[in-house]
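So the chains spell out like this:
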Amino acid sequence: MQPTRFISKGSQSLFSLIHDCKSIKQLKQIHAQIIATANPPDPTFFISRLLFACATTGGAAGTLSYASAIFQQIHDPTLFVYNCIIRIHSIDPRTSNKCLSLYKRMLRCGIRPDRLTFPFLLKGCVRSADLVAGRGLHCHVLKLGFHPDVYVQNVVIGVYAGTMNGKKNVITWNSIITGFVQGGRPKEALEIFHEMQNIASGGVSPDGITLATVLSACATLGALDQGKWVHRYLRRRGLEFDVVIGTALVDMYGKCGCVDQATEAFQEIMPKKDVLAWTAMINVFSDHGLAGEAIELFKEMVMCGIKPNPVTFVPVLSACAHAGLVQQGWEFFNLMRSDQFCNNIAPQAEHYACMVDLLARAGLFQAATDLIRDMEVEPDVYVWGALLGGCRMHGNVGLGEKVALHLINLEPHNHVFYVALADIYGKACRFVDGKRVRALMVERGIKKTFPGCSMIEIDGTVYEFSVQGSSQVVMSDIEDILDAVSFQMKSDSIDALLENGS
């Protein structure tokens, strides 16, 4: 992004003219004015703005040649300048392969790309149908840590989908399916998998990586029927039931609410379960409130000589928190630093959040605040949020108020903390304060960004609906059924009252 800078009054009109340009002809006129000016105000800045204006004209005639001429005039191009010229070249299929050479030149100059660099680089790969370059850039995205960016994720998916015009092999299919799953689009991942299955007669069959990724999508969606189909497919084809697929099955069954099937899948993992498999099964028990089973499985894992990793302790501590096992929670928390069992694991924020949750749920607020004070890492919103949850549960207004205000300062646009504080005030009959918090939310425009939603699988198809309705489900049918259920419940209640009255 171009650095923000002070623009004098004499330069404001020039800046506004560049911003309001609608054609290359107008840009050239302004460029001529800058050149003709005896003492142009920061010419490099305004030349770079001209280049940005070229990038936003949408590929008008003459844009590319003019932008290239401007670029040649800039002696030390900045990241902003490189992003602009890459964007311009990515628009035209005839020069989209130029994007990669510009990117290499930028790297040689010691300029590190940002999240705005890759979308246009990757789009250039799509327009030039260069899957090899797209894969290389995908590696750079992962290496530099830009993969969590949603826009970058979507363009990466587009690269794999848009460059597969020829015969597709299993690696290409896996790349697309994995891209959708990692990009938070599991439904599309399953659709691509079904498309792969429909043309499987052409010689492409899913492998272990395909099935493990599909199971991950099923787990996210709660698509139990499709997950079971994958399990049957594994057995029917005699594919190796390795630890990766076994762990994916355990996770899928657990997230679909099938603890028994998850346990069976866990037992099937051969020849040797690794720490990830054990952790997945412990997590299933923890998520379903089976604290005793989670703890016993953890102990069994240690007895088998498998050392837990930092992730393993999260479901164990969470299980203790939800079961109110304070003493055992402390024992596991202290066990993390054991050289004999755990390679001296340093607790991270998520471990502290579990412990604070455990103590706060038990009403041990002094111990919880002491733990936060002595943390070896900076407490994040999850740690403070766990303490706030305990205050809300036990009606600790004084501490809850302080924690909620601190969280609001940390994340002023997060509606959860305002609602929690208003609820604490409401339970304490401090209705004026609760009303003040609600008014503050309105004043700041704070509202729930993403409405809660539910998903249900019917005949292998996952349907999603929320308070805002659904494009897939006939909401009127659901409302009719709910009205019928409500009427029946009211009728039963009236009958019961009449019977008791008589």
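Conventions used here
- Residues numbered from 1 in each chain as written.
- Predicted model: local features only at pLDDT ≥ 70, side-chain atom pairs only at ≥ 80, totals over all residues.
- Heavy atoms only, no water.
- Helix = DSSP H or I, 4+ residues; strand = E, 2+ residues; numbered from the N terminus.
- Buried < 20%, exposed > 50% of the residue type's maximum accessible area, 1.4 Å probe, protein only.
- Areas by Shrake-Rupley, 256 points an atom, 1.4 Å probe, with all protein chains shown as cover.
- UniProt positions renumbered as here; feature names shortened; annotations may be inferred.
- 1 Å grid on protein atoms, 1.4 Å probe; cavity = no way out; pocket = protein on both sides within 12 Å on 5 of 7 lines; lining within 4 Å.
- Points joined across faces, edges and corners; volume = space filled by probe spheres on them.
- Patch = residues over 30% accessible without salt bridge, like charges linked within 9 Å, V, L, I, M, F, W, Y side chains within 5 Å.
- Salt bridge = Lys/Arg side-chain N within 4 Å of Asp/Glu carboxyl O.
- Lys, Arg positive; Asp, Glu negative; His and termini not counted.
- Charge placed at Lys NZ, Arg CZ, Asp CG, Glu CD.
- Core = buried A, V, L, I, M, F, W, Y, C linked by side-chain atoms within 4.5 Å.
- Contact = heavy atoms within 4.5 Å.
- Polar contact = N/O pair within 3.5 Å; in protein donor to acceptor, adjacent residues only side chain to side chain.

Taking an unreviewed UniProt entry as the reference, the protein is identified by name as Pentatricopeptide repeat-containing protein belonging to Aristolochia fimbriata.

S.K.: Sorry, what's going on with the overall build of the protein here?
M.R.: Tallying secondary structure elements over the protein gives 27 helices and two strands in all. By residue count, 43% of the 502 residues in the protein fall in the buried class. Accessible area of the protein: about 26,900 Å², with a carbon and sulfur share of 56%.

S.K.: Mind showing me how you'd approach the UniProt feature "repeat: PPR" (unreviewed entry) in the protein here?
M.R.: Residues given the UniProt feature "repeat: PPR" (unreviewed entry) here are residues 169-199 and 274-308. Its end C-alpha atoms 10 Å apart, residues 274-308 is made of 74% helix and 0% strand.

S.K.: Looking at this structure, how should I read the layout of surface pockets?
M.R.: If you roll a probe as big as a water molecule over the atoms, it shows you where there is empty space left. In this structure, the second largest pocket encloses a volume near 260 Å³. As for the second largest pocket, its lining consists of 16 residues, and the residues nearest its centre are Thr247, Asp251, Lys255, Leu276 and Ala280. When contributions to the lining of the second largest pocket are tallied by element, the ones reaching two or more residues are α12 (208-221), α14 (243-255), α16 (275-287) and α18 (310-323). Ranked by the residues each element gives to the lining of the second largest pocket, the list is headed by α14, at six residues.

S.K.: Hey, could you run me through a positive patch on the surface in this one?
M.R.: Taken together, Lys98, Lys104, Arg105 and Arg108 make up a surface patch of like positive charges. Note that Lys104 resides in helix α6 (residues 98-108).

S.K.: What exactly am I supposed to notice about the nonpolar core here?
M.R.: In summary, soluble globular proteins display a tendency toward joint burial of nonpolar side chains. Counting 103 residues, the largest nonpolar core has Leu249, Val250, Met252 and Leu387 as the members making the most contacts within it. When near neighbours in sequence (up to four residues on either side) are disregarded, Val250 contacts Ala262, Ala265, Phe266, Ile269, Ala280, Met281 and Val284. Among the nonpolar cores identified, the runner-up in size contains 40 residues, and Val81, Tyr82, Leu121 and Leu131 belong to it.

S.K.: Explain the side chain of Asn174 here, please?
M.R.: Looking at the element boundaries, Asn174 is found in helix α10 (residues 170-182). By relative accessible area, Asn174 is classed as buried at 8%. Within polar-contact distance, the side chain of Asn174 engages the side chain of Asp207 at 3.1 Å. Within polar-contact distance, the side chain of Asn174 engages the side chain of Thr210 at 2.4 Å. The contacts of Asn174, once residues within four sequence positions are left out, are Asp207, Ile209 and Thr210.

S.K.: Just checking my understanding: could you explain the pattern of salt bridges for this structure?
M.R.: It is possible for side chains bearing opposite charge to pair when their charged atoms get close. In the structure shown here, the tally under the stated rule is 12 salt bridges. With a closest N to O distance of 3.2 Å, Arg373 and Asp370 form a salt bridge. Within this pair, Arg373 and its partner Asp370 are both found in helix α22 (residues 365-373), separated by three residues, close to a single helical turn. In this structure Arg373 comes out as exposed when scored by relative accessible area, which is 59%. On the accessibility criterion, Asp370 (24% relative accessible area) is partly exposed. For Arg373, the salt bridge is made with Asp374, and the minimal N-O distance between the two is 3.2 Å. Grouping residues by exposure puts Arg373 and Asp374 together as exposed. Among the ionic contacts, a cluster of salt bridges with common partners joins Glu401, Arg430, Asp433 and Arg436.

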